[in-house]
Amino acid sequence: MQKILKRLKVSFGRLVDEFKSAKKTLRTSRSNIRVEAVNGCCYGKDRNPDKGDYYKYCGQDFWEFISGEPELYTELIEPLAADAKVRNDEFKKQYSIKINLFVREFLESFCREDGSIDWEKIVKFNSGRA
């Protein structure tokens, strides 16, 4: 976990460096384009969005920043929930099918006629010579 967090810090630090480089390039080219680096997060809260080199907008602030709509973050919930329900129902159906196939294969391969597990077959399958 520590390695992952360290990698995230390094890659985010590199992102900030890239933002700084872009701003510097635009300044030296006498461009009138104003560049502001923004780190957006779909959820959460951050009461201090100004991070010096960039802004971090979270949750409601992020959704308002990209849409101009202060209530968009709550308006997204119903369509997302409806879509998630449809996908979840399909996932459960496919998951049940796979479980049934695995159970059938296990019963056919490693169970006796009475439904009890034939442990010797399992051990031979798992540990016996090919």
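Residues numbered from 1 in each chain as written. Predicted model: local features only at pLDDT ≥ 70, side-chain atom pairs only at ≥ 80, totals over all residues. Heavy atoms only, no water.

Q: What is the right way to look at the overall build of the chain in this model?
A: Tallying secondary structure elements over the chain gives 5 helices and 2 strands in all. For the chain, the C-alpha atoms occupy an extent of roughly 80 × 40 × 25 Å along the three principal directions. In the chain, buried positions account for 12% of the 130 residues. When the accessible surface of the chain is split by element, carbon and sulfur atoms take 56% of a total near 11500 Å². On the chain, the mean spot of the 25 positive side-chain charges and the mean spot of the 21 negative ones are 9 Å from each other. (Helix = DSSP H or I, 4+ residues; strand = E, 2+ residues; numbered from the N terminus. Buried < 20%, exposed > 50% of the residue type's maximum accessible area, 1.4 Å probe, protein only. Areas by Shrake-Rupley, 256 points an atom, 1.4 Å probe, with all protein chains shown as cover. Lys, Arg positive; Asp, Glu negative; His and termini not counted. Charge placed at Lys NZ, Arg CZ, Asp CG, Glu CD.)

Q: So what exactly am I meant to see when it comes to a negative patch on the surface here?
A: Taken together, the side chains of Asp61, Glu64, Glu69, Glu71 and Glu75 make up a negatively charged region of the molecular surface. You can see glutamate 75 is positioned in helix H3 (residues 72–75). On the basis of relative accessible area, glutamate 75 is assigned to the partly exposed category, the value being 48%. (Patch = residues over 30% accessible without salt bridge, like charges linked within 9 Å, V, L, I, M, F, W, Y side chains within 5 Å. Salt bridge = Lys/Arg side-chain N within 4 Å of Asp/Glu carboxyl O.)

Q: What exactly am I supposed to notice about the packing of helix H4 (residues 77–110) against helix H5 (residues 119–127) here?
A: For any two helices packed against each other, one specifies the crossing angle of their axes together with the interaxial distance. Direction vectors running N to C along H4 and H5 enclose 100°, while the axes themselves pass 9 Å from each other. Judged by the inter-axis angle, H4 sits roughly perpendicular to H5. The segment H4 lies against H5, with Phe106, Ser109 and Phe110 engaging Lys121, Ile122 and Phe125. Of the residues belonging to the contact of H4 with H5, the class tally is 4 nonpolar, 1 polar and 1 charged. (Axes fitted to C-alpha atoms, helices over the stretch in contact; angles between N-to-C directions. Parallel < 35°, antiparallel > 145°, perpendicular 65-115°, else oblique. Contact = heavy atoms within 4.5 Å. Nonpolar A, V, L, I, M, F, W, Y, C, P; charged D, E, K, R; others polar.)

Q: Whenever I open this one, the side chain of aspartate 46 confuses me. Can you help?
A: For aspartate 46, the location among the structural elements is in the loop between strand E1 (38–41) and strand E2 (55–58). At 3.0 Å, the side chain of aspartate 46 and the backbone nitrogen of asparagine 48 are in polar contact. A polar side-chain atom of aspartate 46 sits 2.8 Å from a polar atom in the side chain of lysine 51. Those residues within four positions of aspartate 46 in sequence are excluded, and the remaining contacts are Lys51, Lys56, Cys58 and Asp61. (Polar contact = N/O pair within 3.5 Å; in protein donor to acceptor, adjacent residues only side chain to side chain.)

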